[in-house]
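# Structural features, examined
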Amino acid sequence: MQLVQETDYGTPASKAEAMVTLTIDGRSATVPAGTSIMRAAMEIGTEIPKLCATDMLDAFGSCRLCLIEIEGRNGTPASCTTPVAEGLVVHTRSERLDRLRKGIMELYVSDHPVAALDPVGQGDIALLDTVAEVGLTEVRYGFDGARHRDTGLDESNPYFSYDPAKCIVCSRCVRACEDVQGTFALTITGRGFESVMAAGTDQSFLESDCVSCGACVQACPTGSLIEKAVIAKGKPEWSTVTTCAYCGVGCSFKAEMRGDEVVRMIPYKDGKANHGHSCVKGRFAWGYANHKERILNPMIREKITDPWREVSWEEAIAHTASEFKRIQAKYGTGSIGGLTSSRCTDEETFLVQKLVRAGFGNNNVDTCARVCHSPTGYGLSTTFGTSAGTQDFDSVEQTDVMLLMGANPTDAHPVFGSRMKQRLREGAKLIVIDPRRIELVRAPHVEAAYHLPVLPGTNVAILTALAHVVVTEGLVDEAFVRERCEWDAFQDWAVFVAEERNSPEALSKVTGVAAADIRGAARLFATGGNGAIYYGLGVTEHSQGSTAVMAIANLAMATGNIGRPGVGVNPMRGQNNVQGSCDMGSFPHEFSGYRHVSNDAVRGLFEDAWGTWLDKEPGLRINNMLDAALDGSFMGLYVQGEDIMQSDPDTRHVAAGLSAMECVVMQDLFLNETANYTHVFLPGSTFLEKDGTFINAERRIQLVRKVMEPKSGLADWEITAALSNALGYPMHYDHPSEIMDEIARLTPTFAGVSFERLAELGSIQWPCNEQAPTGTPVMHIDKFVRGKGHFVITEYLATDERVGPRYPLLLTTGRILSQYNVGAQTRRTENVVWHKEDLLEIHPHDAEERGIADGSWVRLASRSGETTLRALVTERVAPGVVYTTFHHPDTQANVVTTDYSDWATNCPEYKCTAVQVSPSNGRSDWQERYSAFADNSRRIMPPAAE
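How each quantity is defined
Residues numbered from 1 in each chain as written. Predicted model: local features only at pLDDT ≥ 70, side-chain atom pairs only at ≥ 80, totals over all residues. Heavy atoms only, no water. Helix = DSSP H or I, 4+ residues; strand = E, 2+ residues; numbered from the N terminus. Polar contact = N/O pair within 3.5 Å; in protein donor to acceptor, adjacent residues only side chain to side chain. Contact = heavy atoms within 4.5 Å. Buried < 20%, exposed > 50% of the residue type's maximum accessible area, 1.4 Å probe, protein only. Pairing = 2+ DSSP bridges. Right-handed = clockwise from strand over helix to strand, strands pointing away. Salt bridge = Lys/Arg side-chain N within 4 Å of Asp/Glu carboxyl O. Core = buried A, V, L, I, M, F, W, Y, C linked by side-chain atoms within 4.5 Å. Expected span 1.5 Å × (residues − 1).

Let us look at the side chain of Gln579. Within the secondary structure, Gln579 sits in helix H20 (residues 578-583). A distance of 2.6 Å separates polar atoms of two side chains, one belonging to Gln579 and the other to Arg573. Not counting residues within four places of it along the chain, the set of residues in contact with Gln579 comprises Ser387, Ala388, Arg573, Tyr594, Ile695, Asn696 and Trp766.

In structure tokens:
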């Protein structure tokens, strides 16, 4: 095993089509016009010494080490800033260049407090590598760096250390923060020998605007910025490329190891989703894998009030199988079911739904993906013919107008959020439709052209108003619609949206958005060039979630923004494998590839492959399972990696349903909130301990590679297979690659996918088959999957969740950058430094009316329940709207959410709850009772005396 090496070409690649030929050190090089001489040299294997240059950043030309000579030209220009030209003859080495480089390097080293010129044990420090490269062995000015300002170490960031004494003011960190991340948190202060990099205005890193993405650490060539883990553990010995297990961006990382211990995660430059960038979670928040609270041994108990008892894997699997058989014998075949996880791999998810259908003998399988993005599946299937985003992430580089709705990329999808900011700084325009003033409304060097602060629950109304402008002002791309869409359906839709009741003026009373702003935004989107729509859970998690997705599709088709780079409809998936868990057949009515269980031909295909009869009737969704449990007809549940007690709506109903069951089995890393109601706990494995695949928001299938053995002894797929075997339905696989081979045989959109093919290509975007052997970055290019695009009339219907005298405010929820989903992973890392508790954001006007001060305890009550948390008084929310996150179980935010849901998919209406906020003295009765119950439920019996 060895470290995965990546070539740094010094400057970014040119996108020019014209080619130029030149000679470098006697060798011919042919490269695109605009390429730097430094990059051209590296492409033929000649590395020119450098410090300030890296191919992640545009050329800067400050360090002067990359000097070259060009025949016929005077001087020694910098190769990083000098472009190639036809016929140039370049020399990268000469006695003169060697002398100049040594002199420059000698000055840098004299200003850098190193004890010696030996890089061993210093980490990956480019400065010391360059010392050796230029042949510097003596420094006339000393090694102590005495002339450099030394303000002491900044250890405030939990993940990396900053030593200003080692800074050579190359500005790579500053440029990485600006150009790659887009935060502009770093700067160079002082002049001459007083110059040094600083975070903010004389602040520590923790106090500054730094978002801890790690781009500055990765860019630093001197060790001035360095990971604390490298200092503590030493240099990595080997690495492998894997895929992040956090959000739906799907970043590729080099997991750098020392033995079987992770030293650091380095974003992989060849990662097609992230191109070498990262966020604080993917880069640093992997420590949960070794957290002391992680459960490593199977446990069982008879009642949920009993303490846990550790058992062997054999006993745990046998006990689970026995209980499920007992329940089915007593209550019937449909009395048990399973939940798949959007955090687990495709292969693990596929096996769980196979276990339910073939092993349990029913279709009672559901997934957390349904409670976030099932309206995407329904809406896009209806209009386009497939339930996934239309573009790849790279498409944003050709986008002229972005319409961002119900999503907060800089917090929830930060790496892609940074790419959006890059494009906006280049001149693209932005329309934000969100009740809250998210960062992209106004950030350094980025400002939205329009922010439409829509009232929660009125998405369909504002989308219809936008469409009204497009139709009535003649902004429809008629040629596209006539060629690509069902003309009759379009005409019916156009008549509908053109009605006066759907005008911005009429609907502004509903949406709370000024009619002039709606009209301006509609004109910009329809006439501004390539228009791309990005949306998130703020669209789908409503009673009209599916309707809103179809309204988005209508708008894209009407303006011709489908089927080419730079446009499209792009759902921002929340968890790392939301797309994959849907693709794998985790819904009670669908097999993998979104094919209905009632289709005889499809069902016959699976019956032949699995060697068993399969039910043609759709099974129960999780809310139906909970209802059936209270009715006494559903008594057993297998939960793979999902915490429904914290993530699902109407927490009291979830608790009642789980309490009524006779055998709840949880497979996870920690004793989470759902585990408080379980009878069997099967310890799961982290992404570092498994092989498999994840599928990100752009349909990109990527390999997850194991870097350590499962700490519990079994990978997640092995647990599911063992349970199936114990139940009497045999599953035999030697490796997850064999599961993917089965998926490919049974799923047309995955027909060309295999682990070997993924390793060869790096990643594949489905569909991948004979027609698209390397995948499909952009969908619906010549025609829609369904043939013609289908317009749907999207009548706005107000949610049943209305404000009134008792509950006059509307609550909406979301995420924060440092935490992830229910926080089970990130709360067990140093990320808690940035977000120790969930806060309720409330507008100053609403706070003043209620006598609420910033930081004070407040009671948040709805028709469903109440909880308490601290207030954050801010103008980020509009009057009448409050907002909170759901990362901490102590908050129990979903106690107040209702059981209202999307009309088509039952996706819960998380984003619109009528509430009242009032001062409080502390935690609610429910929180106190639940906390006491949870503390008792987590007890583990001590091992028996020998």
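The subject of this paragraph is the pairing of strand S14 (residues 336-340). With five of five residues buried, S14 lies mostly within the body of the structure. With burial as the criterion, each face of S14 is covered, one bearing Ile336, Gly338 and Thr340 and the other bearing Gly337 and Leu339. The pairing of S14 with strand S25 (residues 636-640) spans four bridges and is classified as parallel. Bridge pairing in S25 places Gly338 opposite Tyr638. Of the pairings in the sheet, the one linking S14 to strand S15 (residues 365-367) comprises three bridges and is parallel in character. Note that in S15 the partner of Leu339 across the bridge is Asp366. You can see the chain leave S14, run along helix H9 (residues 346-360) and come back into S15, and the turn it takes is right-handed.

Going through the model one piece at a time under the given rule, you end up with 48 salt bridges. As a salt-bridge pair, Arg828 and Glu293 come within 2.9 Å of each other at their nearest N and O atoms. Remark: Glu293 occurs in the loop between helix H7 (280-284) and strand S12 (299-300) and Arg828 occurs in the loop between strand S31 (809-814) and strand S32 (839-842); sequence separation between them is 535 residues. Among the residues examined, Arg828 registers a relative accessible area of 14% and is labelled buried.

Here the focus is the sheet that holds strand S29 (residues 700-704). With antiparallel pairing, the three strands of this open sheet are ordered in space as S28-S29-S30. Strand pairing shows two members of the sheet lacking a second neighbour, strand S28 (692-695) and strand S30 (764-765), which therefore form its edges. Across four bridges, the pairing between S28 and S29 is antiparallel. Note that in S29 the partner of Ile695 across the bridge is Ile701.

Core analysis: the largest hydrophobic core is formed by 70 residues, its most contacted members being Leu186, Met197, Phe205, Leu225, Leu404 and Tyr534. If we ignore the near neighbours within four places in the chain, the residues touching Tyr534 are Val396, Thr399, Met402, Leu403, Leu404, Met405, Phe416, Met420, Asn570 and Met572. Of all hydrophobic cores here, the second largest spans 54 residues; its members include Met635, Val665, Tyr729 and Met731.

This next bit is on helix H10 (residues 370-383). Every α-helical turn comprises 3.6 residues, leaving residues that sit three or four positions apart pointing alike. In this model, H10 (14 residues) spans 19 Å end to end at C-alpha, consistent with the 20 Å of a helix rising 1.5 Å per residue. Burial runs high along H10: 11 of the 14 residues are buried. Those residues of H10 that fall on the buried side of the exposure criterion are Arg370, Val371, Cys372, His373, Ser374, Pro375, Thr376, Gly377, Gly379, Leu380 and Thr383.

The omega angle of the peptide bond from Trp766 to Pro767 is 5°, so this bond is cis rather than trans. One can find Pro767 in the loop between S30 and S31. The phi torsion at Asp25 lies on the positive side, around 50°, for a residue other than glycine. Checked against the element boundaries, Asp25 lands in the loop between strand S1 (19-24) and strand S2 (27-32). Backbone geometry places Ser212, a non-glycine residue, at a positive phi of 55°.

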